[in-house]
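Each chain, letter by letter, is given below.
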There are 2 protein chains.
Amino acid sequence: MTDKEEFVVTPYEVKGRIDYAKLREQFGTQELSASILDRLQQLAGGELPPLLTRGVYYSHRDLNLVLDQYARGHPFFLYSGRGPSGPLHISHLVPFELCRWLQEKLGVEMYIQITDDEKFWARAQLTREESVRWGYENLLDILAVGFDPKRTHVFFDSRSIAALYPLAIRVARKIPYSTVKAVFGFPPSTNIGLVFYTALQTVPCFYPSWESGRATPCLIPCGIDQDPHFRVTRDIAEGLGYPKPALIHSQMIPGLLGEGVMSTTGNEKDNALFLNDPPKVVERKVRRAFTGGRASVEEQRRLGANPEICSVWALWKTRFAPDPKEFEQITADCRSGALLCGDCKSNLLEKVHAFYRAHAEAREKVRDWAESTIITRAPKPD
Amino acid sequence: MTDKEEFVVTPYEVKGRIDYAKLREQFGTQELSASILDRLQQLAGGELPPLLTRGVYYSHRDLNLVLDQYARGHPFFLYSGRGPSGPLHISHLVPFELCRWLQEKLGVEMYIQITDDEKFWARAQLTREESVRWGYENLLDILAVGFDPKRTHVFFDSRSIAALYPLAIRVARKIPYSTVKAVFGFPPSTNIGLVFYTALQTVPCFYPSWESGRATPCLIPCGIDQDPHFRVTRDIAEGLGYPKPALIHSQMIPGLLGEGVMSTTGNEKDNALFLNDPPKVVERKVRRAFTGGRASVEEQRRLGANPEICSVWALWKTRFAPDPKEFEQITADCRSGALLCGDCKSNLLEKVHAFYRAHAEAREKVRDWAESTIITRAPKPD
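Counting restarts for each chain: residues are numbered from 1 in the order of the written sequence. Both sets of labels track the order of writing: A upward for chains, 1 upward for ligands. Local features in a predicted model are, by the rule used here, given only for residues with pLDDT of at least 70; side-chain atom pairs are given and counted only at 80 or more, and totals for whole chains, interfaces and linings are based on all residues.

Visitor: What exactly am I supposed to notice about the overall build of chain A here?
Guide: Put simply, DSSP H or I for four residues or longer makes a helix, DSSP E for two residues or longer makes a strand, and each gets a number counted from the N terminus. Across its full length, chain A carries 16 helices and nine strands. For the radius of gyration, the atoms used are the C-alpha atoms, and the globule rule reads 2.2 Å times the number of residues raised to 0.38. Scaling as 2.2 N^0.38, a compact globule of 382 residues should have a C-alpha radius of gyration of about 21 Å, and chain A matches this with 21 Å. With the principal axes as the frame, chain A shows a C-alpha extent of 70 × 50 × 45 Å. Buried positions account for 48% of the 382 residues belonging to chain A. The contact criterion used is a C-beta to C-beta distance within 7 Å, with each C-beta placed from the backbone. Long-range contacts, defined here as pairs at least 24 residues apart, represent 75% of the contacts in chain A between residues at least 6 apart. Counting other C-beta atoms within 10 Å of a residue's own tells you its class, since 20 or more makes it buried, 12 or fewer makes it exposed, and anything in between is partly exposed; those C-beta atoms are placed from the backbone.

Have a look at this one:
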């Protein structure tokens with residue numbers, strides 16, 4: 001980085017300090033405005049979750065159109081996914097938590113794609129056995145978020161290829177190599193699997209329309225880094241006779257060490273809270289987490305701390321203080337100096353441990369039906 | 001063409017007057033020598049077919065190694081394929097006829113790949129419905145050549161993808177885009193399906209080894225234009241723990257109008273004898289076929305004709321005069337002027353019509369079991 005203003009965001013690389021307003025401009029997406037959130041709240045008939053009210057989701061493409069259609073009696077479906085290269089960390093749950101809320105409030109179908117092929121192609125060190133094993137482990141974590149077994153469908157790429165491939169053939173013909181090169185910044189050494197892959201990531205956007213023979217709108221909650229995939233999808237959708245998928249984009253969740261985004265790829269594993277971390281490891285990571293605190297207790301009591309740069313505050317914001325009053329209080333006490341970082345971390349750890357226990361329990365329960373959600377056959381002859 | 005010596009041969013383009021000796025040098029393949037043919041004759045225990053004795057097959061890679069292993073009790077398997085973009089013409093049968101002979105004489109397994117995905121990607125005008133329909137039609141024609149139902153296995157790409165994909169994932173990671181760009185000469189506008197495709201064409205080479213857990217040698221009879229696909233395969237085989245496939249290459253069969261090779265892509269449909277041509281069309285095409293005859297009967301009686309440039313003689317050579325004595329007689333009478341082109345064509349037409357009748361009958365018989373040869377499921381979990 002020669003300039004702190006420089007940053008790079010693609011599905012395969014996130015680096016630098018991201019200016020999210022500028023990124024939205026660069027990508028050409030729409031702002032998630034108060035009026036569109038009001039609209040969603042009316043349709044859902046209740047309070048919006050913190051992920052929507054606190055600016056984590058901040059951008060969209062055509063969400064208004066999808067909500068208009070829903071209001072007229074044409075439900076959309078949800079699609080999100082995961083590239084399994086290791087254990088999930090809690091920030092990976094962000095799109096799935098929004099999906100779960102939307103499914104519950106609006107009664108819509110959910111499609112999850114586990115891209116064990118893509119991750120094998122993208123990571124030279126990963127074995128096939130690892131990408132498949134992590135695919136199953138990650139799927140259990142995702143389903144444990146609380147999806148409705150009857151309305152949830154999974155493409156586990158290597159096992160679902162018979163269902164995905166008929167559409168993938170049609171999609172792939174529409175995408176020239178030059179497009180994926182430009183959109184993803186692939187060098188010539190990129191393997192041909194990864195070059196092809198975006199075709200498979202596009203398929204779920206069209207699958208329900210294809211299967212039913214009826215145009216069915218798609219809404220994709222995802223990190224803004226995944227937007228390029230779906231820009232390609234949106235460009236070709238109408239040429240294939242399908243509606244363009246709509247998107248709702250989240251910012252990237254900061255890492256615990258205050259270094260870039262929470263990620264599984266960095267060397268510093270303490271930067272993320274993994275869902276398979278034992279309680280002692282969770283405790284150590286939170287205790288070591290970067291905060292907006294001052295150099296001394298005295299100074300902090302006097303000047304207060306800075307939540308905006310604090311990784312612990314980011315955790316309160318995104319998940320662990322759903323009650324708006326509680327969250328306001330934590331924030332105010334942080335700024336005033338009434339709440340010291342050590343105490344704040346102790347409070348957070350109680351919530352985190354409780355979350356981990358509840359998640360582990362839910363995860364055991366989904367084992368019984370997880371397999372039944374995986375689509376393994378073509379829905380109709382090609 | 002600025003120079004008549006220039007020619008281009010790739011799996012996606014054949015143009016110019018091919019210098020086959022030079023092409024073998026360019027590609028770096030071995031000559032199909034008298035000694036290796038003797039070896040094959042010994043193992044097969046009988047006469048070699050005209051395709052082998054008359055120079056149609058003229059080049060190979062590692063055929064000697066495959067025969068050595070066979071002699072030591074380790075059978076190879078055969079693999080050939082077809083990209084279904086329209087009806088087969090009789091020259092398309094050349095690799096399958098060699099396979100049939102090898103299967104019959106050596107008792108080996110045969111794998112056929114029908115690449116309905118590749119042809120859809122390679123031909124912008126082709127619909128999916130057409131590529132699938134031609135896939136089935138072509139498969140019937142191929143099986144009608146006389147394969148053993150118990151030893152013949154078909155990958156119909158769009159229907160066999162669940163079986164092909166686990167290996168394709170592993171293969172694709174080994175092949176950088178830069179390799180396919182260089183080998184196939186793809187421009188940046190090439191769609192990502194076609195970029196990926198060579199991974200799927202490689203899979204059958206390794207499939208029996210993967211399925212059985214035992215290294216199983218592969219022999220691929222094919223037109224020399226298909227060699228580049230398998231050069232890529234050979235380069236990556238050992239890195240994946242599989243034997244390099246061996247190849248035996250044929251020259252391209254000349255078209256009926258003396259223009260380039262017999263092909264389905266030219267505008268001039270009269271250049272090829274399609275297997276679905278009705279007898280009247282066959283008659284017309286043979287009557288119009290380019291020969292090595294003279295301007296007048298008188299001149300031909302006096303000077304004789306030139307079989308080397310004659311498309312009718314090429315048909316006698318490759319298929320319609322299997323008896324060496326008969327073939328020598330035809331050739332001698334042509335050169336001497338004793339046999340005029342019109343009479344030669346009448347003689348040939350009798351054989352061609354008989355061949356079409358027998359083929360149509362065989363084709364009806366294979367309908368009963370064709371479906372059972374298609375591999376539709378993964379042989380084991382990934």
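Visitor: I tried to follow the environment of Thr291 of chain B on my own but got confused; where do I start?
Guide: All names here are of chain B. Along the chain, Thr291 falls in the loop between α12 (279-288) and α13 (297-303). Exposure remark for Thr291: the 22 C-beta atoms within 10 Å place this residue in the buried category. Considering only alpha carbons, one finds Thr291 and Gly258, 33 residues apart in sequence, at a separation of 7.8 Å. Dropping the residues within four chain positions of it, Thr291 is found in contact with Ala305, Cys310, Ser311, Val312 and Cys341.

Visitor: What's the story with the packing of helix α8 (residues 157-173) of chain A against helix α10 (residues 192-212) of chain A in this structure? I'm lost.
Guide: A packed helix pair is summarised by two numbers, namely the angle formed by the two axes and the spacing between the axes. Residues and elements named next belong to chain A. Where α8 contacts α10, the two axes come as close as 8 Å, and the packing angle between them is 90°. As judged from the angle between their axes, α8 and α10 are roughly perpendicular. Contacts between α8 and α10 involve Asp157, Leu164, Leu167, Ala168, Val171 and Ala172 from the former and Phe196, Ala199, Leu200, Thr202, Val203, Phe206, Tyr207 and Trp210 from the latter. Structural elements are reduced to axes, namely lines fitted to C-alpha atoms, with helices fitted over the stretch in contact, and the angle between N-to-C directions of any two is expressed from 0 to 180 degrees. Note on angle classes: values under 35 degrees are labelled roughly parallel, values over 145 roughly antiparallel, values of 65 to 115 roughly perpendicular, and the remainder oblique.

Visitor: Any chance you could explain the relation of the copies chain B and chain A here in plain terms?
Guide: One copy of the chain maps onto the other through a rotation about an axis plus a displacement along that axis. We superpose the copies by least squares over the C-alpha atoms of residues that have a pLDDT of at least 70 in both of them. Expressed as a screw transformation, the operator carrying chain B onto chain A has a rotation angle of 180° and an axial translation of 0.0 Å, and the superposed copies differ by an RMSD of 0.0 Å. Viewed as a symmetry operation, the transformation between the two copies matches a two-fold axis.

Visitor: Looking at this model, I keep getting lost on the domain arrangement of chain A. Mind explaining?
Guide: Much of the literature gives interface size as the accessible area that the parts lose upon coming together. Residue and element names in this part refer to chain A. Entries for chain A in the domain assignment read domain 1 (7-257) and domain 2 (269-366). On a C-alpha basis, the centroid separation for the pair domain 1 and domain 2 is 28 Å. Contacts between domain 1 and domain 2 engage 19 residues on the former and 20 residues on the latter. The biggest single contributor to the side of domain 1 that touches domain 2 is helix α7 (residues 128-143), with three residues. Taken together, the residues that form the side of domain 1 that touches domain 2 break down as 14 nonpolar, three polar and two charged. Either an automatic procedure or a domain database provided the assignment from which the domain bounds are taken. Side-chain classes are defined by residue name, with Ala, Val, Leu, Ile, Met, Phe, Trp, Tyr, Cys and Pro counting as nonpolar, Asp, Glu, Lys and Arg as charged, and the others, Gly among them, as polar.

Visitor: How do you make sense of the interface of chain B and chain A when you look at a structure like this?
Guide: Contact with chain B, which involves 29 residues of that partner, is made by 29 residues of chain A. Mapped by element, the contributors of at least two residues to the side of chain B that touches chain A are α6 (116-122), α7 (128-143), α8 (157-173), α9 (177-184) and α10 (192-212) of chain B. Of the residues forming the side of chain B that touches chain A, the biggest block, nine residues, is contributed by α8 of chain B. Grouping the constituent residues of the side of chain B that touches chain A by class yields 18 nonpolar, six polar and five charged.

Visitor: What's the story with the nonpolar core in this structure? I'm lost.
Guide: Taken as a class, soluble globular proteins show a tendency for nonpolar side chains to be buried jointly. Counting residues in each nonpolar core, the largest one holds 196 residues, and the members touching the most others are Ala168, Ile192 and Val195 of chain A together with Ala168, Ile192 and Val195 of chain B. For Ile192 of chain B, the residues in contact, after removing those within four places along its chain, are Ala172, Ile175, Tyr177, Val180, Val195, Phe196 and Ala199 of chain A. We define the nonpolar core as any set of buried residues of the types Ala, Val, Leu, Ile, Met, Phe, Trp, Tyr and Cys, connected via C-beta atoms lying within 7 Å of each other.

Visitor: When you look at the sheet that holds strand β8 (residues 218-223) of chain B in this model, what are you seeing that I'm missing?
Guide: Within a sheet, each strand pairs with its neighbour through backbone hydrogen bonds, oriented either parallel or antiparallel. Residue and element names in this part refer to chain B. For two strands to pair, DSSP has to find at least two bridges joining them. Spatial ordering of the open sheet is given by β3-β4-β9-β8-β5-β6-β7, a layout of seven strands whose pairing is mixed. Since the sheet does not close on itself, it has two edges, and those belong to β3 (30-31) and β7 (152-156), each with one partner. Here β8 runs beside strand β9 (residues 246-250); their pairing, made up of five bridges, is parallel. By the bridge assignment for β9, Ile220 is matched with Leu247. Sheet contacts for α7: β5 (77-82), β6 (110-114) and β7; angle to β6, the most-contacted strand, approximately 155°. α10 contacts β5, β6, β7 and β8 of the sheet and is inclined by roughly 160° relative to β6.

Visitor: Got a minute to help me understand the packing of α12 of chain B against helix α16 (residues 341-370) of chain B in this structure?
Guide: Residue and element names in this part refer to chain B. At a minimum axis distance of 10 Å, the contact between α12 and α16 shows a crossing angle of 150°. Seen along the crossing, α12 lies across α16 with a hand that is right-handed. Taken together, the residues of α16 that come into contact with α12 (itself represented by Pro279, Val282, Glu283, Val286 and Arg287) are Lys345, Leu348, Leu349, Val352, His353 and Tyr356. Split by residue class, the contact of α12 with α16 holds seven nonpolar, one polar and three charged. Whether a crossing is left-handed or right-handed is set by the direction in which the near helix is turned from the far one by less than a right angle, anticlockwise for left-handed and clockwise for right-handed.

Visitor: What am I meant to see in the sheet that holds strand β4 (residues 57-61) of chain A here?
Guide: Residues and elements named next belong to chain A. One open sheet accounts for seven strands, arranged β3-β4-β9-β8-β5-β6-β7; its pairing is mixed. Each end of this open sheet is capped by a strand with a single partner; those strands are β3 (30-31) and β7 (152-156). Strands β6 (110-114) and β7 of the sheet are contacted by α8, whose axis makes an angle of about 105° with β7.

Visitor: How do you make sense of unusual backbone geometry when you look at a structure like this?
Guide: A negative phi angle is the norm for most residues apart from glycine, just as the trans form is the norm for most peptide bonds. A positive phi is found at Asp62 of chain A, a non-glycine position, where the angle reads about 60°. Mapped onto the elements of the fold, Asp62 of chain A is located in the loop between β4 and α4 (63-71).

Visitor: What is the right way to read the confidence of the model for chain A from this model?
Guide: Caution applies to low-pLDDT parts of the model: their predicted coordinates are not meant to be read in detail. As a per-residue quantity, pLDDT reports the predictor's confidence and falls between 0 and 100. For chain A, the average pLDDT comes to 93, and 96% of its residues sit at 70 or higher. At the level of chain-chain contacts, confidence expressed as ipTM amounts to 0.92, with global pTM at 0.92.

Visitor: Whenever I open this one, helix α16 (residues 341-370) of chain A confuses me. Can you help?
Guide: Every α-helix carries 3.6 residues per turn, so stepping three or four residues along brings you back to the same face. Every buried residue belonging to α16 of chain A is among Cys341, Cys344, Val352, Val366 and Ala370 of chain A, and all of these are buried. Its buried side turned inward, α16 of chain A meets α7, α12 (279-288), α14 (311-320) and α15 (324-336) of chain A.

Visitor: Mind showing me how you'd approach the pairing of strand β1 (residues 7-10) of chain A here?
Guide: If a strand is regular, its side chains alternate between the two faces of the sheet. Bridge count between β1 of chain A and strand β2 (residues 13-16) of chain A: four bridges; the pairing is antiparallel. Bridged to Val8 of chain A within β2 of chain A is Lys15 of chain A.

Visitor: Looking at this structure, how should I read the environment of Ile169 of chain B?
Guide: Note on placement: Ile169 of chain B falls in helix α8. With 207 residues separating them along the chain, Ile169 of chain B and Thr376 of chain B place their C-alpha atoms 17 Å apart.

Visitor: Hey, could you run me through α4 of chain A in this one?
Guide: All names here are of chain A. Inspection of α4 places Leu63, Val66 and Leu67 among the buried residues, and these make up the whole buried set. Taken down its axis, α4 places every buried residue within 95° of arc, on the same side. Those residues of α4 that are buried are in contact with α2 (34-44), β4, β8 (218-223) and β9 (246-250). Where α4 ends, the next residue or the one after it, Gly73, has phi of about 95°, a positive value. Starting at the helix axis, one direction is taken to each C-beta atom, and the arc is that of these directions.

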